[in-house]
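Each chain is listed here by its residues.
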Amino acid sequence: MDGNRRWAQARGLPVALGHKAGAEAVRRTVEAAADQGVTWLTVFAFSSENWRRPLEEVSALTGLLRLYLRSEVANLVKEGARLRIIGDYQRFGPEMARAIRSAEEATAGGTRINLNVALSYGARDEILTATRAAARAIAEGRLAPEALDEATFGGFLQTAGMPDPDLIIRTSGEQRLSNFLLWQAAYAEFVFQDVLWPDYGADHLAAALADFRRRERRYGARP
């Protein structure tokens, strides 16, 4: 979800309005993904590195996230979407944490599409946290060292029980992972689209999915 700031600056608007337009793009994309038969969608809304941004922008983003959680729950239920949050969202404070838990509970019955929102998320921190958890399990005798394989380690990640991504879409012309799902993206396909996130819509998603479907996925093996 890249390009909110550039979108606003190009129009002479406050950065907060760029983030607001980005939130509206999330709504369009969730609806389009469900219509296209996508059953798992993860959006990177706020990275652990985003805390380094100016306080005014972080505050605006926090307020927008709170507003989104309140206003979008009914639409998510209507779309059959189940919302789950990954990341260290406790950093947003107890009020936000309660809003997140409430939204997750309200949408728990959604079966049409699983929407994961990464908030205050960083993949390196996720891997380190999982490694510490696995080490504690071994030290306490709950896990034998030789039993620690990829599947078992995956159970310590925040995405435990979720499928690895098949496709990662990067908008606004950026071509890097930016600390997103490093473990899970081992065999993901990538599509880079030169469109700012607030302008993203159903046609862009359809083009990315069409590109993905044309590819031959070999997972290191010969065809």
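Residues numbered from 1 in each chain as written. Predicted model: local features only at pLDDT ≥ 70, side-chain atom pairs only at ≥ 80, totals over all residues. Heavy atoms only, no water.

K.L.:
I keep staring at the overall build of the protein chain and nothing clicks. Help me out?
P.N.:
Summing up its helical and strand segments, the protein chain has seven helices and five strands in all. Shown N-terminal to C-terminal, the secondary structure of the protein chain runs as helices and strands in the order α-α-β-α-β-α-β-α-α-β-β-α. Radius of gyration (C-alpha) of the protein chain: 18 Å, near the 17 Å computed for a compact globule of 223 residues. For the C-alpha atoms alone, the extent of the protein chain along its principal axes is close to 55 × 50 × 35 Å. Counting across all 223 residues of the protein chain, residues that qualify as buried make up 45%. Counted over contacts in the protein chain with a minimum sequence separation of 6, partners at least 24 positions apart contribute 72%. When the accessible area of the protein chain is evaluated, it comes to approximately 12,100 Å², of which 51% is carbon and sulfur surface. Considering the protein chain, the positive charge centre built from 29 side chains and the negative charge centre built from 28 side chains are found 2 Å apart. (Helix = DSSP H or I, 4+ residues; strand = E, 2+ residues; numbered from the N terminus. Rg over C-alpha atoms; globule rule 2.2 N^0.38 Å. Buried < 20%, exposed > 50% of the residue type's maximum accessible area, 1.4 Å probe, protein only. Contact = heavy atoms within 4.5 Å. Areas by Shrake-Rupley, 256 points an atom, 1.4 Å probe, with all protein chains shown as cover. Lys, Arg positive; Asp, Glu negative; His and termini not counted. Charge placed at Lys NZ, Arg CZ, Asp CG, Glu CD.)

K.L.:
It is not clear to me how the sheet that holds strand β2 (residues 81–86) should be interpreted in this structure. Could you clarify?
P.N.:
Strand-to-strand pairing in sheets goes through backbone hydrogen bonds, with the strands running parallel or antiparallel. Read from one edge to the other, the open sheet built from three strands follows the order β1-β3-β2, with strand pairing classed as parallel. Pairing within the sheet leaves two strands with one partner each, and these edge strands are β1 (40–47) and β2. Strand after strand, the sheet turns through a mean of 20 degrees between neighbouring axes, direction not considered. Here β1 pairs with strand β3 (residues 113–121) via seven bridges, running parallel. Paired with T42 across the strands is N116, a residue of β3. Strands β2 and β3 of the sheet are contacted by helix α4 (residues 94–106), whose axis makes an angle of about 150 degrees with β2. (Pairing = 2+ DSSP bridges. Axes fitted to C-alpha atoms, helices over the stretch in contact; angles between N-to-C directions.)

K.L.:
Could you clarify how one ought to interpret helix α3 (residues 55–79) in this entry?
P.N.:
Residues separated by three or four positions in an α-helix point in the same direction, a consequence of the helix having 3.6 residues per turn. Look at α3: 34 Å from first C-alpha to last across 25 residues, which is about the 36 Å you get at 1.5 Å a residue. Maximum bend of α3: about 50 degrees, positioned at E72. Backbone geometry just downstream of α3 places G80 in the positive-phi region, at approximately 70 degrees. (Expected span 1.5 Å × (residues − 1). Bend = angle between axes of the 7 residues up to and from the residue.)

K.L.:
Even after reading the chapter, I still don't get the nonpolar core, so can you show me in this structure?
P.N.:
The tendency in soluble globular proteins is for nonpolar side chains to be buried side by side. Ranked by internal contacts, the top residues of the largest apolar core, which has 41 residues, are L83, L115 and L119. At the level of elements, α2 (15–35), β1, α3, β2, α4, β3 and α7 (202–213) are the ones that each hand at least two residues to this core. Element by element, the count of residues in this core is highest for α3, at eight residues. The residues contacting L83, other than those within four sequence positions of it, are L69, L76, A103, E104, T107, L115 and V117. Counting residues in hydrophobic clusters, the runner-up holds 11 residues, among them I86, A118, L181 and A185. (Core = buried A, V, L, I, M, F, W, Y, C linked by side-chain atoms within 4.5 Å.)

K.L.:
Quick question: what am I supposed to make of the UniProt feature "active site" (unreviewed entry) in the protein chain here?
P.N.:
Taken from the UniProt record, the annotation "active site" (unreviewed entry) applies to D2 and N50. These annotated residues cover 49 residues of sequence, but their C-alpha atoms sit close together, with the largest distance between any two at 12.2 Å. Among all residues touching D2, those that are not within four sequence positions of it are R170, T171, S172, E174, V195, L196 and W197. Summarising the element assignment, N50 is placed in the loop between β1 and α3. Beyond its immediate sequence surroundings of up to four residues, N50 is in contact with A45 and V58. (UniProt positions renumbered as here; feature names shortened; annotations may be inferred.)

K.L.:
Explain the UniProt feature "binding site: Mg(2+)" (unreviewed entry) in the protein chain to me, please; I cannot follow it from the model alone.
P.N.:
Mapped onto the present numbering, the UniProt feature "binding site: Mg(2+)" (unreviewed entry) falls on D2 and E189. The exposure class of D2 is buried, given its relative accessible area of 17%. Topologically, E189 is positioned in strand β5 (residues 189–192). For E189, the contacting residues outside a window of four places in its chain are D166, L167, I168, F212, R215 and R217.

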